[in-house]
Amino acid sequence: MHRQRVLEPGEEPPQYVIAGHEPQNLTAFRQAERLYRGKKPVDLSTAIDFTRDSADPRVFVAGRYRVTDPWCGSVVEQDIYGIHGHEGFLYIPSAIPIASQVLLATRCFSTYINPPNVTNLNAHYDFTPHFHGYLDAYRIGSLQLMRKADGQSIVLNQESDVESLIRKIRWATLGFHYNWTSKQYNFDNSPNPFPPDLAVYCQTISTGAGFEFCPEAGIINYYQPGDSLTGHVDRSERNMSVPLLSLSLGLSAIFLIGGAGRNDPVSAVIVRSGDVSLLSGPSRHFYHGVPRVLEGTFPDAIFGSKVALLRNSRININVRQVN
Ligand code: OGA
Ligand code: MN
């Protein structure tokens, strides 16, 4: 499993299924997850594909997105889509031009994961004064860290060892400090500054989609094939009336959007590199998750970039206003 979550009141525990003893009383959301999860060949025929058919009766055009990309200067013009039955969920296919996808992905392996931002690796390692950033370490093929368990200094001198350590990054948090166990932001400690370049980028996108938005906290999720994110509602933010913004890079994936209850109808969407979605209005309280990362879908245009670390992975930048 990709990320562990604490069960909420009334939430079902994970089901461990013995073949031939499948439980019959699964919620609609869990049934949808079952359809896509695992290693079996994936059937995409009923998933919504915004590149395939804009005449899909399940979707509608909710608006028009016209934005000059703040990083690469390209003008992006796209329809903004909604899906019937998931009020407030908005989808902008190909909202991020390739050049900016490459920049974003590079930063997800450099400035955004460097201290003071926190990643899952921080639980295991301290940084030495020699640490000048993961991407630099990757480029020079050397990384020195202190293991927390025994205080020992370890030096990775093989490019492949540095690469495999960086590939163990599963999440990074930006801005407000977030505790994964208590699912709470730490409002007492002053937050890390939200990366200013990303704040501008996200604000430009949200304005283009018709919302005022102040990026204060972010979670970057790093998925590899086989990883998934269990259905959940993001309810830790004090202000739930502002949309949550989600940027996808790298491998395509299946994104499930449901409703406020686990038995509400669920739709599956194929999300691709460069797509942006917003959980606005009622959908801010809707269950959603990522049951499947789609192997072999890495876009050639990014593949040609220097970010070999991105190879065969999906990155999701999930940005929230907290207050
Ligand atoms: C999250 C989330 C969705 C995705 O981080 O809370 O819902 O597309 N991510 O990875
Ligand atoms: Mn979420």
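Residues numbered from 1 in each chain as written. Chains lettered and ligands numbered in written order. Predicted model: local features only at pLDDT ≥ 70, side-chain atom pairs only at ≥ 80, totals over all residues. Heavy atoms only, no water.

This part takes up the coordination of the manganese ion (ligand 2). In the first shell of the manganese ion (ligand 2), the protein supplies His232 (NE2), Asp234 (OD) and His288 (NE2), at 2.0 to 2.2 Å from the metal. If you list the donors of the manganese ion (ligand 2) from N- to C-terminus, the spacing comes out as H-x1-D-x53-H. Taken together, the residues Asp234 in the loop between strand 12 (229-232) and strand 13 (244-250) and His288 in strand 17 (residues 288-293) connect sequence positions 54 residues apart. Residue Asp234 shares its accessibility class with His288, and that shared class is buried. (Donors = N, O, S within 2.8 Å, 3.2 Å for Na, K, Ca; no water. Helix = DSSP H or I, 4+ residues; strand = E, 2+ residues; numbered from the N terminus. Buried < 20%, exposed > 50% of the residue type's maximum accessible area, 1.4 Å probe, protein only.)

By the criterion of burial, strand 13 is predominantly enclosed, with 7 of the 7 residues buried. In terms of strand pairing, strand 13 meets strand 16 (residues 276-279) through 4 bridges, oriented antiparallel. Residue Leu245 lies in a different strand from strand 16, and its bridge partner there is Leu278. Where strand 13 and strand 18 (residues 314-320) come together, 6 bridges link them in antiparallel fashion. (Pairing = 2+ DSSP bridges.)

Once the charged atoms of two side chains with opposite charge are near each other, the side chains can pair. With the rule as written, the count across this model stands at 14 salt bridges. Across the salt bridge formed by Arg272 and Asp49, the nearest N and O atoms sit 2.8 Å from each other. One end of the pair, Arg272, is in the loop between strand 15 (267-271) and strand 16; the other, Asp49, is in the loop between helix 1 (28-36) and strand 1 (59-68), and 223 residues separate them in sequence. The class of Asp49 is buried, set by a relative accessible area of 8%. One continuous salt-bridge network, built from bridges that share partners, spans Arg64, Arg66, Glu77 and Asp79. (Salt bridge = Lys/Arg side-chain N within 4 Å of Asp/Glu carboxyl O.)

What follows is about the state of the cysteines. Within the structure shown, the criterion is met by 0 disulfides. Its sulfur unpaired, Cys202 is 10 Å from the next cysteine sulfur, which belongs to Cys108. Given a relative accessible area of 0%, Cys202 falls into the buried group. (Disulfide = S-S within 2.5 Å.)

The subject of this paragraph is the site of ligand 1. Taken together, 13 residues are adjacent to ligand 1, and Asn221, Tyr223, His288, Arg314 and Arg320 come closest. For ligand 1, an oxygen atom lies 3.1 Å from a polar atom in the side chain of His232. Of all elements in the fold, only strand 11 (217-223), strand 12, strand 17 and strand 18 reach the threshold of two or more residues within the shell around ligand 1. By residue number, the principal contributor to the shell around ligand 1 is strand 18, which donates 4 residues. Residue composition of the shell around ligand 1, by class: 4 nonpolar, 5 polar and 4 charged. (Near = heavy atom within 4 Å. Polar contact = N/O pair within 3.5 Å; in protein donor to acceptor, adjacent residues only side chain to side chain. Nonpolar A, V, L, I, M, F, W, Y, C, P; charged D, E, K, R; others polar.)

This part is about the environment of Val59. Within the secondary structure, Val59 is located in strand 1. Remark: the alpha-carbon pair of Val59 and Val200, spanning 141 residues in sequence, is separated by 29 Å.

Attention now moves to the side chain of Asn114. On the secondary structure map, Asn114 appears in the loop between helix 2 (98-108) and strand 4 (118-119). Judged by relative accessible area, which is 14%, Asn114 ranks as buried. For Asn114, the contacting residues outside a window of four places in its chain are Phe131, Gly133 and Tyr134. (Contact = heavy atoms within 4.5 Å.)

Sheet architecture is open: 9 strands sit in the order 1-2-3-16-13-18-11-8-4, paired in antiparallel fashion. Two strands lie at the open edges of the sheet, namely strand 1 and strand 4, each paired on one side alone. Summarising the sheet, strand 2 (residues 75-83) and strand 3 (residues 89-92) pair through 2 bridges and their orientation is antiparallel. Bridge assignment links Tyr81 to a residue of strand 3, and that residue is Tyr91. On top of the sheet, helix 2 reaches strand 11, strand 13 and strand 18; it is set at about 95° to strand 13, its chief contact. Running over the sheet, helix 5 (residues 196-208) touches strand 1, strand 2, strand 8 (171-175), strand 13, strand 16 and strand 18 and is turned about 130° from strand 1. (Axes fitted to C-alpha atoms, helices over the stretch in contact; angles between N-to-C directions.)

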